[in-house]
Amino acid sequence: MCLRGKRGYLIAGCLGIAMLCAVVVVKTREAGGGMPIWGNTGRSTADRERGQEGNDGGGGGQAQNAGNVGVQGEDTGGMDSQDGDGTAYREDMSIKKVALTFDDGPHPRYTEQLLEGLRKRNVRVTFFVLGQSAEMYPDLIQEMAQDGHLIGNHTYSHIQLTRRNGQLFAEELQKTDAVIYEITGQHTEFVRPPYGAWDKRYEESLNMIQVLWNVDPLDWCCSDAGTVVSRVLEKTNENSIILLHDVYASSVEAALAIIDELSARGYEFVTVDEIILD
Ligand SMILES: [Zn+2]
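Residues numbered from 1 in each chain as written. Predicted model: local features only at pLDDT ≥ 70, side-chain atom pairs only at ≥ 80, totals over all residues.

### A few points about the overall build of the protein chain
Okay, step 1: A count of helical and extended segments in the protein chain gives 10 helices and 9 strands.
Okay, step 2: Looking at the protein chain residue by residue over its 278 residues, the buried ones come to 39%.
Okay, step 3: Residue pairs at least 24 apart in sequence account for 77% of intrachain contacts in the protein chain once pairs closer than 6 positions are excluded. (Helix = DSSP H or I, 4+ residues; strand = E, 2+ residues; numbered from the N terminus. Buried ≥ 20, exposed ≤ 12 C-beta atoms within 10 Å, placed from the backbone. Contact = placed C-beta atoms within 7 Å.)

### As for unusual backbone geometry
Okay, step 1: Residue G105 is joined to P106 through a cis peptide bond whose omega torsion reads 0°.
Okay, step 2: Considering the arrangement of structural elements, one finds P106 in the loop between β3 (96-103) and α3 (110-121).
Okay, step 3: You will see that T155, though not glycine, has its phi angle at about 70°, which is positive.
Okay, step 4: In this structure, T155 sits in the loop between β5 (150-153) and α6 (166-184).
Okay, step 5: A tally of 26 C-beta atoms within 10 Å means that T155 is categorised as buried.
Okay, step 6: Located in the positive-phi region is H158, a residue other than glycine, with phi close to 65°.
Okay, step 7: The topology assignment puts H158 in the loop between β5 and α6.
Okay, step 8: The class of H158 is buried, set by 20 C-beta atoms lying within 10 Å.

### Focus on the confidence of the model for the protein chain
Okay, step 1: Taken over all residues, the pLDDT of the protein chain has a mean of 77, while the share at 70 or more is 67%.
Okay, step 2: Per-residue pLDDT stays below 50 along residues 1-6; that stretch engages in 1 contact with residues further than four places along the chain or on separate chains.
Okay, step 3: For the stretch residues 57-89, pLDDT sits under 50, and the model shows 65 contacts to residues farther than four places along the chain or on other chains. (pLDDT = per-residue confidence, 0-100.)

### With respect to the pairing of β5
Looking down a regular strand, the side chains alternate between one sheet face and the other.
Okay, step 1: Side chains of β5 alternate between two faces, with L150 and G152 and I151 and N153 buried alike.
Okay, step 2: Bridge analysis of strand β4 (residues 126-129) against β5 gives 4 bridges, and the strand direction is parallel. The residue bridging F127 from the neighbouring strand is I151, located in β5. (Pairing = 2+ DSSP bridges.)

### What to know about the nonpolar core
Generally speaking, a soluble globular protein has its nonpolar side chains buried in company with each other.
Okay, step 1: Among the nonpolar cores identified, the biggest contains 58 residues, and A99, L100, I242, A255 and F269 are the most heavily contacted of them.
Okay, step 2: With 7 residues, helix α9 (residues 249-264) is the single largest residue contributor to this core.
Okay, step 3: Apart from the residues lying within four places of it in its own chain, the contact partners of A99 are T126, I241, I242, V270, T271, V272 and I275. (Core = buried A, V, L, I, M, F, W, Y, C linked by C-beta atoms within 7 Å.)

### Some points on the pairing of strand β8 (residues 240-245)
Okay, step 1: In terms of residue burial, β8 counts as a mostly covered element, since 6 of its 6 residues are buried.
Okay, step 2: Burial along β8 is two-sided: S240, I242 and L244 facing one way and I241, L243 and H245 facing the other are all buried.
Okay, step 3: As judged from the 6 bridges shared by β3 and β8, these two strands associate in the parallel manner. Opposite V98, over in β8, you have S240 as the bridge partner.

Quick look at the structure:
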(Lines give C-alpha, C1' and ligand atoms only; values in the text may rest on other atoms or scores of the structure.)
Protein backbone atom coordinates (compact mmCIF):
# COMPACT_ATOMS: atom_id res chain seq x y z
CA MET A 1 0.00 0.00 0.00
CA CYS A 2 1.36 3.43 -0.91
CA LEU A 3 1.61 6.50 1.32
CA ARG A 4 -1.26 8.22 -0.52
CA GLY A 5 -3.52 5.33 0.31
CA LYS A 6 -2.57 5.47 4.01
CA ARG A 7 -3.17 9.22 4.11
CA GLY A 8 -6.56 8.64 2.52
CA TYR A 9 -7.46 6.23 5.33
CA LEU A 10 -6.17 8.72 7.91
CA ILE A 11 -8.30 11.59 6.49
CA ALA A 12 -11.35 9.36 6.21
CA GLY A 13 -10.81 8.21 9.80
CA CYS A 14 -10.55 11.77 11.15
CA LEU A 15 -13.66 12.82 9.22
CA GLY A 16 -15.50 9.86 10.65
CA ILE A 17 -14.54 10.77 14.24
CA ALA A 18 -15.50 14.42 13.65
CA MET A 19 -18.93 13.41 12.33
CA LEU A 20 -19.46 11.06 15.25
CA CYS A 21 -18.66 13.89 17.67
CA ALA A 22 -21.12 16.18 15.88
CA VAL A 23 -23.84 13.55 16.10
CA VAL A 24 -23.19 13.07 19.83
CA VAL A 25 -23.45 16.84 20.43
CA VAL A 26 -26.74 17.11 18.51
CA LYS A 27 -28.22 14.09 20.32
CA THR A 28 -27.20 15.50 23.70
CA ARG A 29 -28.97 18.79 22.92
CA GLU A 30 -32.08 16.99 21.74
CA ALA A 31 -32.13 14.99 24.94
CA GLY A 32 -32.43 18.17 26.90
CA GLY A 33 -28.78 18.89 27.60
CA GLY A 34 -29.38 22.60 27.00
CA MET A 35 -32.83 22.81 28.58
CA PRO A 36 -33.68 23.82 32.12
CA ILE A 37 -35.37 21.20 34.24
CA TRP A 38 -38.88 22.18 35.25
CA GLY A 39 -40.81 20.85 38.17
CA ASN A 40 -43.48 19.48 35.91
CA THR A 41 -43.05 18.51 32.30
CA GLY A 42 -46.65 17.47 31.74
CA ARG A 43 -47.99 14.18 30.52
CA SER A 44 -49.01 13.08 27.09
CA THR A 45 -52.60 13.05 25.93
CA ALA A 46 -52.43 9.29 25.63
CA ASP A 47 -51.40 8.99 29.27
CA ARG A 48 -54.39 10.96 30.40
CA GLU A 49 -56.90 9.30 28.19
CA ARG A 50 -55.77 5.81 29.00
CA GLY A 51 -58.12 4.08 31.37
CA GLN A 52 -60.92 6.48 30.72
CA GLU A 53 -63.27 3.68 29.87
CA GLY A 54 -63.43 2.71 33.49
CA ASN A 55 -66.48 1.62 35.30
CA ASP A 56 -68.66 3.45 37.70
CA GLY A 57 -69.26 0.78 40.21
CA GLY A 58 -71.01 2.95 42.71
CA GLY A 59 -74.30 1.30 42.07
CA GLY A 60 -72.83 -2.10 42.66
CA GLY A 61 -73.80 -3.38 39.22
CA GLN A 62 -71.80 -4.63 36.27
CA ALA A 63 -69.56 -2.14 34.57
CA GLN A 64 -69.91 -1.20 30.95
CA ASN A 65 -67.28 0.42 28.81
CA ALA A 66 -67.99 3.96 27.88
CA GLY A 67 -68.64 4.62 24.24
CA ASN A 68 -66.78 7.87 24.12
CA VAL A 69 -64.31 9.84 26.10
CA GLY A 70 -65.26 12.88 28.09
CA VAL A 71 -61.89 14.51 28.47
CA GLN A 72 -59.56 15.77 25.85
CA GLY A 73 -56.09 16.03 27.28
CA GLU A 74 -53.64 18.57 26.10
CA ASP A 75 -49.92 18.40 26.50
CA THR A 76 -48.85 21.78 27.69
CA GLY A 77 -45.74 20.48 29.35
CA GLY A 78 -43.19 22.04 27.07
CA MET A 79 -45.01 25.15 25.99
CA ASP A 80 -42.73 28.06 25.23
CA SER A 81 -43.96 31.54 24.58
CA GLN A 82 -42.43 34.87 23.71
CA ASP A 83 -43.31 38.17 25.24
CA GLY A 84 -43.28 41.57 23.56
CA ASP A 85 -39.55 42.12 23.47
CA GLY A 86 -38.87 38.65 22.17
CA THR A 87 -37.61 37.17 25.42
CA ALA A 88 -38.51 33.52 25.68
CA TYR A 89 -40.26 32.47 28.86
CA ARG A 90 -42.20 29.51 30.09
CA GLU A 91 -45.72 29.49 31.40
CA ASP A 92 -46.03 28.84 35.09
CA MET A 93 -45.78 25.08 35.38
CA SER A 94 -45.75 24.94 39.14
CA ILE A 95 -49.53 24.63 39.47
CA LYS A 96 -51.00 21.33 38.36
CA LYS A 97 -54.78 21.07 38.19
CA VAL A 98 -56.66 18.02 39.36
CA ALA A 99 -60.38 17.38 39.91
CA LEU A 100 -62.03 15.24 42.55
CA THR A 101 -65.48 13.97 41.59
CA PHE A 102 -68.00 12.24 43.84
CA ASP A 103 -70.85 10.10 42.53
CA ASP A 104 -74.04 8.63 43.97
CA GLY A 105 -74.67 11.14 46.75
CA PRO A 106 -75.70 13.09 48.59
CA HIS A 107 -75.49 10.89 51.66
CA PRO A 108 -76.87 12.35 54.94
CA ARG A 109 -73.80 11.40 56.94
CA TYR A 110 -70.79 11.04 54.65
CA THR A 111 -71.51 13.92 52.31
CA GLU A 112 -71.88 16.19 55.31
CA GLN A 113 -68.51 15.00 56.67
CA LEU A 114 -66.92 15.55 53.29
CA LEU A 115 -68.34 19.07 52.93
CA GLU A 116 -66.94 19.95 56.33
CA GLY A 117 -63.48 18.63 55.43
CA LEU A 118 -63.51 20.47 52.11
CA ARG A 119 -64.50 23.71 53.83
CA LYS A 120 -61.58 23.41 56.24
CA ARG A 121 -59.21 22.87 53.33
CA ASN A 122 -60.81 25.49 51.09
CA VAL A 123 -61.11 22.98 48.26
CA ARG A 124 -63.76 22.82 45.54
CA VAL A 125 -64.89 19.53 44.00
CA THR A 126 -67.62 18.19 41.71
CA PHE A 127 -70.61 16.18 42.89
CA PHE A 128 -72.57 14.02 40.45
CA VAL A 129 -75.72 13.57 42.44
CA LEU A 130 -78.73 11.32 42.13
CA GLY A 131 -82.00 13.20 41.75
CA GLN A 132 -83.79 10.98 44.28
CA SER A 133 -81.13 11.62 46.96
CA ALA A 134 -81.03 15.34 46.18
CA GLU A 135 -84.77 15.44 46.74
CA MET A 136 -84.34 13.77 50.13
CA TYR A 137 -81.46 15.99 51.29
CA PRO A 138 -81.93 19.41 49.68
CA ASP A 139 -79.94 21.09 52.47
CA LEU A 140 -76.81 19.23 51.40
CA ILE A 141 -77.31 20.32 47.79
CA GLN A 142 -77.69 23.89 48.98
CA GLU A 143 -74.51 23.61 51.03
CA MET A 144 -72.63 22.31 47.99
CA ALA A 145 -73.77 25.25 45.91
CA GLN A 146 -73.01 27.78 48.65
CA ASP A 147 -69.50 26.41 49.09
CA GLY A 148 -68.77 26.77 45.37
CA HIS A 149 -68.77 23.10 44.42
CA LEU A 150 -70.00 22.07 41.00
CA ILE A 151 -73.17 19.99 40.99
CA GLY A 152 -73.55 17.53 38.13
CA ASN A 153 -76.23 15.06 37.11
CA HIS A 154 -76.01 11.30 37.75
CA THR A 155 -79.63 10.48 36.74
CA TYR A 156 -82.54 10.26 39.14
CA SER A 157 -82.33 6.62 40.21
CA HIS A 158 -78.89 5.49 38.95
CA ILE A 159 -80.35 4.14 35.76
CA GLN A 160 -78.02 2.62 33.19
CA LEU A 161 -78.56 3.64 29.58
CA THR A 162 -79.32 0.67 27.33
CA ARG A 163 -80.53 0.34 23.74
CA ARG A 164 -84.14 0.30 24.83
CA ASN A 165 -84.46 2.88 27.58
CA GLY A 166 -83.17 6.04 25.87
CA GLN A 167 -86.38 7.97 26.51
CA LEU A 168 -86.52 7.00 30.19
CA PHE A 169 -82.83 7.81 30.63
CA ALA A 170 -83.35 11.30 29.17
CA GLU A 171 -86.35 11.82 31.45
CA GLU A 172 -84.25 10.84 34.48
CA LEU A 173 -81.64 13.42 33.54
CA GLN A 174 -84.30 16.10 33.08
CA LYS A 175 -86.04 15.20 36.31
CA THR A 176 -82.77 15.44 38.23
CA ASP A 177 -82.00 18.74 36.58
CA ALA A 178 -85.39 20.05 37.69
CA VAL A 179 -84.72 18.95 41.30
CA ILE A 180 -81.34 20.69 41.37
CA TYR A 181 -82.71 23.81 39.70
CA GLU A 182 -85.46 24.01 42.27
CA ILE A 183 -82.89 23.96 45.10
CA THR A 184 -80.04 26.02 43.66
CA GLY A 185 -81.49 28.02 40.76
CA GLN A 186 -78.79 26.49 38.53
CA HIS A 187 -79.20 23.89 35.79
CA THR A 188 -76.96 20.82 35.66
CA GLU A 189 -74.72 21.17 32.66
CA PHE A 190 -72.47 18.18 33.31
CA VAL A 191 -73.47 14.53 33.43
CA ARG A 192 -71.68 11.48 34.77
CA PRO A 193 -73.70 8.67 33.22
CA PRO A 194 -73.92 5.62 35.51
CA TYR A 195 -71.47 2.94 34.28
CA GLY A 196 -70.20 5.38 31.65
CA ALA A 197 -73.00 4.46 29.21
CA TRP A 198 -73.89 7.52 27.17
CA ASP A 199 -75.37 8.64 23.88
CA LYS A 200 -73.66 11.68 22.40
CA ARG A 201 -76.97 12.93 21.00
CA TYR A 202 -78.01 14.03 24.51
CA GLU A 203 -75.31 16.67 24.43
CA GLU A 204 -77.36 18.58 21.89
CA SER A 205 -80.90 17.54 22.79
CA LEU A 206 -80.46 18.09 26.54
CA ASN A 207 -77.57 20.55 26.42
CA MET A 208 -75.55 18.40 28.82
CA ILE A 209 -71.89 17.44 28.65
CA GLN A 210 -70.64 14.01 29.62
CA VAL A 211 -67.78 13.84 32.10
CA LEU A 212 -65.94 10.56 32.59
CA TRP A 213 -62.82 10.02 34.69
CA ASN A 214 -59.26 8.77 34.35
CA VAL A 215 -58.35 7.76 37.89
CA ASP A 216 -60.57 5.07 39.40
CA PRO A 217 -59.40 3.59 42.71
CA LEU A 218 -62.51 1.34 42.90
CA ASP A 219 -63.33 2.88 46.28
CA TRP A 220 -66.78 1.23 46.27
CA CYS A 221 -65.26 -2.22 46.66
CA CYS A 222 -62.50 -1.31 49.11
CA SER A 223 -63.25 -0.32 52.67
CA ASP A 224 -59.64 0.49 53.47
CA ALA A 225 -59.05 4.23 53.03
CA GLY A 226 -55.26 3.79 52.89
CA THR A 227 -55.52 1.52 49.85
CA VAL A 228 -57.79 4.01 48.07
CA VAL A 229 -55.33 6.82 48.82
CA SER A 230 -52.31 4.95 47.47
CA ARG A 231 -54.16 3.87 44.31
CA VAL A 232 -55.08 7.47 43.60
CA LEU A 233 -51.63 8.90 44.35
CA GLU A 234 -50.04 6.33 42.08
CA LYS A 235 -52.19 7.21 39.07
CA THR A 236 -52.80 10.94 39.41
CA ASN A 237 -51.17 13.32 36.94
CA GLU A 238 -51.82 16.89 35.93
CA ASN A 239 -55.47 17.32 34.82
CA SER A 240 -56.57 13.97 36.23
CA ILE A 241 -60.24 13.47 37.00
CA ILE A 242 -60.53 11.24 40.05
CA LEU A 243 -63.65 9.13 40.65
CA LEU A 244 -64.85 8.58 44.22
CA HIS A 245 -68.23 8.02 45.89
CA ASP A 246 -69.37 10.15 48.84
CA VAL A 247 -71.57 7.39 50.18
CA TYR A 248 -68.87 5.48 52.08
CA ALA A 249 -66.98 6.48 55.24
CA SER A 250 -63.71 5.12 53.83
CA SER A 251 -64.08 7.14 50.61
CA VAL A 252 -64.55 10.38 52.52
CA GLU A 253 -61.57 9.61 54.74
CA ALA A 254 -59.51 8.77 51.66
CA ALA A 255 -60.60 11.92 49.81
CA LEU A 256 -59.42 14.23 52.59
CA ALA A 257 -56.07 12.42 52.83
CA ILE A 258 -55.70 12.62 49.03
CA ILE A 259 -56.31 16.37 49.16
CA ASP A 260 -53.66 16.86 51.84
CA GLU A 261 -51.07 14.79 50.01
CA LEU A 262 -51.69 16.15 46.50
CA SER A 263 -51.73 19.73 47.84
CA ALA A 264 -48.30 19.09 49.34
CA ARG A 265 -47.18 17.88 45.92
CA GLY A 266 -48.21 21.15 44.27
CA TYR A 267 -51.63 20.21 42.90
CA GLU A 268 -54.54 22.62 42.86
CA PHE A 269 -58.08 21.24 43.13
CA VAL A 270 -60.56 22.56 40.60
CA THR A 271 -64.08 21.64 39.50
CA VAL A 272 -64.23 19.46 36.35
CA ASP A 273 -65.41 22.28 34.11
CA GLU A 274 -61.99 23.88 34.55
CA ILE A 275 -60.34 20.79 33.15
CA ILE A 276 -62.64 19.74 30.34
CA LEU A 277 -63.41 23.25 29.05
CA ASP A 278 -59.82 24.47 29.36
ZN1 LIG B 1 -72.86 5.90 40.18
